[in-house]
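Listed below, chain by chain, are the residues.
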Amino acid sequence: MDSIDVLTLVPTSISAYLEQELDKRFNVLKLWTVPVPNKTQFIKDNSSSIRAIVGHGGVGADAELIDSLPNLEIISSFSVGTDKIDLKKCKEKGIRVTNTPDVLTDDVADIAIGLALAVMRRLCESDRYVRSGQWKKGDYKLTTKFTGKTVGIIGLGRIGKAVAKRAVAFSCPIAYFSRTEKLELKYKYYPTVVELASNSDVLVVACPLTEETRHIINREVIDALGPKGVLINIGRGHHVDEPELVSALLEGRLGGAGLDVYQNEPEVPEQLFGFENVVLLPHAGSGTTETRNAMADLVIGNLEAHFLNKPLLTPVV
Amino acid sequence: MADDDHSELPTVLVLRRCPFIALLEPKCSQKFNLLKAWDSPLPQDQFLTTHARSVQALLSSGNGPPITAQILQFLPSLKLVVTNSTGLDHVDLAECRRRGIAVANAAKVFAEDVADTAVGLFIDVMRKVSASNRYVRGGLWACRGDYPLGSKIGGKKVGIVGLGSIGLEVAMRLEAFGCSVSYNSRSKKPSLSYQFYSNVCELAADSDALIICCGLTEETHHMINKEVLSALGREGVIVNVGRGAIIDEKEMVECLVGGEIGGAGLDVFENEPNVPKELFSLDNVVLSPHQAIVTHEAFVDLGELVTGNLEAFFSNKPLLSPAVIN
């Protein structure tokens, strides 16, 4: 298969293992190494030979890119979210799309709880307090207990359910908003996000990004969550109206935030850097060696299946 | 002295001011006459001799000062020590037993908060939460790329040292993350299905992480020594929410600096608030200023428990949370 051209958008820093495994099997064109002004020309020069794209959670394939590759057959995303891929166009053109569900569910759910604990118990801030020598001058202040607090989850899919399972072990009552009520689960359902936010201490965004869920966390929801509420975003940056989030934190209308994703990664609004009630992660939800390797195996597995005319492992389209 | 104004209220001696006492005071001073040793210009010994001979109850803080036999000598009428901590390593229990002084501690009232801290620190070390938070805040994500990968929590073998009320809460939480839990304790708990190790070194050898939840006693002092740390190994992680002196701190620091263990999440240290400065430059270490119990909720619950114990004592009722001192 090493005569097959695969265009990859995934830098080594996200998964050296993926890069290594792709290199073993295909002729890999690394778009991420091409300087921005030269990208269009690079695509043009290789347009007829590229048969596959490997993207990730932060960068996929829009209509323009898809249209410029006449022999594109498959897009294999190194992520579970496919919001960066024009799925409609892929369906129209018969291009297959795969993602990496399940293997990253646990890691992302772990990060959601880790962020909630870090924000409410000020773990990062008090680490800084110790490292700067301030502990010698006095004790750190009182923080907020996590156990027993109501956790509201937006989106009760694989990741949402995994977050709930962990929160239950902390005796947290679980509430949720979802497209449909899940009667088999004993968690409290709210038909609107605002009602969910009003009745939650911690609000976790765990749904896919679609046109309906863009800015699902807006000013109204933030105000409903309130000055003691904590927002945890493990979904996508565009789930949250980012400027509204910043002003709510500045004005004390929101109790705190734990964020793994942002509107324009890797850019993070600098105003967030000064808040002690905010924890910022660099889109690391699936960021463990074990999980990134498992994700890479799925990407490779899907590509191999496709080029060997076998059923895809985890197709989206 | 203020004690003349509150002559109807029973007297409770407090040796040193601390945030907990300050928070408790408004409620407590309505029910008790708080005799504050630190308020007096007299040195402590003289103060006690002059004012505390008839004191029956002492309110102590886990942060000190230690309730030693010497201090107890100045308190011939003492019948009760109430401490705001679960740990009793700061109280001379043998002397209390000899004198027939009852001891009440905080029992399980903040076991949940401590367990939350233990799990929070564990996740932080494994998934590099504090380190990558610093990375983002330093503006490094945009120019240097993604932060190095962490380690998956699911499927890891966690050894809990001390399966008391705190250890049990930690175990319950970690199970939900898909960890397999084993433990070392003074005695096996037959009602629990977790695997028991009678030897902490063997537990370390079979674990990916150790979480220290036990009390500090003569047996547990420096129990986590070089041998245990070596058994834990290069990828191993240690979390301590017990007492600093359970770990041989000097050895642990050497292991961390030398890369002989994988990382540490520490809420307690041998000589607080001093923390070995070698740790400050390590990204695989998370440091916490002995604040596992310091939440608004814990303080409210603790305040009620401490007040409840004192009220019970002064009305000749059973203590709410008597400590077992055998």
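The structure presented is a predicted model; accordingly, all values stated were derived computationally and were not measured. (Residues numbered from 1 in each chain as written. Chains lettered and ligands numbered in written order. Predicted model: local features only at pLDDT ≥ 70, side-chain atom pairs only at ≥ 80, totals over all residues. Heavy atoms only, no water.)

1. Section: the overall build of chain B
Step number 1: Along chain B, the regular secondary structure elements total 12 helices and 12 strands.
Step number 2: Structurally, chain B occupies a C-alpha span of about 70 × 50 × 30 Å along its principal axes.
Step number 3: Expressed as a percentage of its 326 residues, the buried residues of chain B come to 55%.
Step number 4: Once local pairs closer than 6 in sequence are excluded, the contacts in chain B between residues at least 24 apart make up 59%.
Step number 5: Carbon and sulfur atoms make up 50% of the accessible area of chain B, which totals about 13,700 Å².
Step number 6: Computed over 29 positive and 38 negative side-chain charges, the separation of the two mean positions in chain B equals 2 Å. (Helix = DSSP H or I, 4+ residues; strand = E, 2+ residues; numbered from the N terminus. Buried < 20%, exposed > 50% of the residue type's maximum accessible area, 1.4 Å probe, protein only. Contact = heavy atoms within 4.5 Å. Areas by Shrake-Rupley, 256 points an atom, 1.4 Å probe, with all protein chains shown as cover. Lys, Arg positive; Asp, Glu negative; His and termini not counted. Charge placed at Lys NZ, Arg CZ, Asp CG, Glu CD.)

2. Quick word on the overall build of chain A
Step number 1: A count of helices and strands for chain A gives 11 helices and 12 strands.
Step number 2: Projected onto its principal axes, the C-alpha positions of chain A cover 65 × 50 × 30 Å.
Step number 3: A burial count over chain A gives 60% of its 317 residues as buried.
Step number 4: Carbon and sulfur atoms form 50% of the exposed surface of chain A, whose accessible area is close to 12,900 Å².
Step number 5: When the 36 basic and 40 acidic side-chain charges of chain A are each reduced to a single mean position, those positions are 5 Å apart.

3. Looking at the UniProt feature "domain: D-isomer specific 2-hydroxyacid dehydrogenase catalytic" (unreviewed entry) in chain A
Step number 1: Listed under "domain: D-isomer specific 2-hydroxyacid dehydrogenase catalytic" (unreviewed entry) in the UniProt record, and renumbered for this structure, are residues 20-316 of chain A.
Step number 2: Along residues 20-316 of chain A, the helical share is 35% and the strand share 15%, with 25 Å between the first and last C-alpha atoms. (UniProt positions renumbered as here; feature names shortened; annotations may be inferred.)

4. Notes on the domain arrangement of chain B
All names here are of chain B.
Step number 1: In terms of domain boundaries, chain B breaks down into domain 1 (11-109 + 296-314) and domain 2 (111-287).
Step number 2: The C-alpha centroid of domain 2 is placed 32 Å from the C-alpha centroid of domain 1.
Step number 3: Of the roughly 540 Å² buried where domain 1 meets domain 2, counting both sides, 44% is carbon and sulfur surface.
Step number 4: Across the domain 1-domain 2 interface, the total number found is 1 salt bridge.
Step number 5: The partner of Arg243 in a salt bridge is Asp89, and the shortest N-O contact between them spans 3.4 Å.
Step number 6: Linking domain 1 with domain 2 are 2 residue pairs in polar contact (both at pLDDT 80 or more), by the criterion used here.
Step number 7: Counted by class, the side of domain 1 that touches domain 2 contains 3 nonpolar, 2 polar and 2 charged residues. (Domains from an automatic or database assignment. Buried area = accessible area lost by both parts, 1.4 Å probe. Salt bridge = Lys/Arg side-chain N within 4 Å of Asp/Glu carboxyl O. Polar contact = N/O pair within 3.5 Å; in protein donor to acceptor, adjacent residues only side chain to side chain. Nonpolar A, V, L, I, M, F, W, Y, C, P; charged D, E, K, R; others polar.)

5. Describing the interface of chain A and chain B
Step number 1: With 59 residues of chain A in contact, the opposing surface of chain B contributes 61 residues.
Step number 2: Summing both sides of the interface, chain A and chain B together bury roughly 5,100 Å²; the carbon and sulfur share of this comes to 58%.
Step number 3: Counting the surface chain A buries against chain B, the share from its top three residues, A:Arg131, A:Trp135 and A:Leu142, is 16%.
Step number 4: Joining chain A to chain B, the criterion identifies 8 salt bridges.
Step number 5: The shortest N-O distance in the salt bridge between B:Lys156 and A:Glu290 comes to 2.8 Å.
Step number 6: On the surface where chain A and chain B come into contact, there are 28 residue pairs in polar contact (both at pLDDT 80 or more).
Step number 7: Elements represented by at least two residues in the side of chain A that touches chain B include exactly helix H5 (105-120), helix H6 (123-131), helix H7 (158-169), strand S12 (278-280) and helix H11 (289-307) of chain A.
Step number 8: Broken down by element, the side of chain A that touches chain B gets its largest block of residues, 8 residues, from H5(A).
Step number 9: Here the residues of the side of chain A that touches chain B are counted per class, giving 28 nonpolar, 14 polar and 17 charged.

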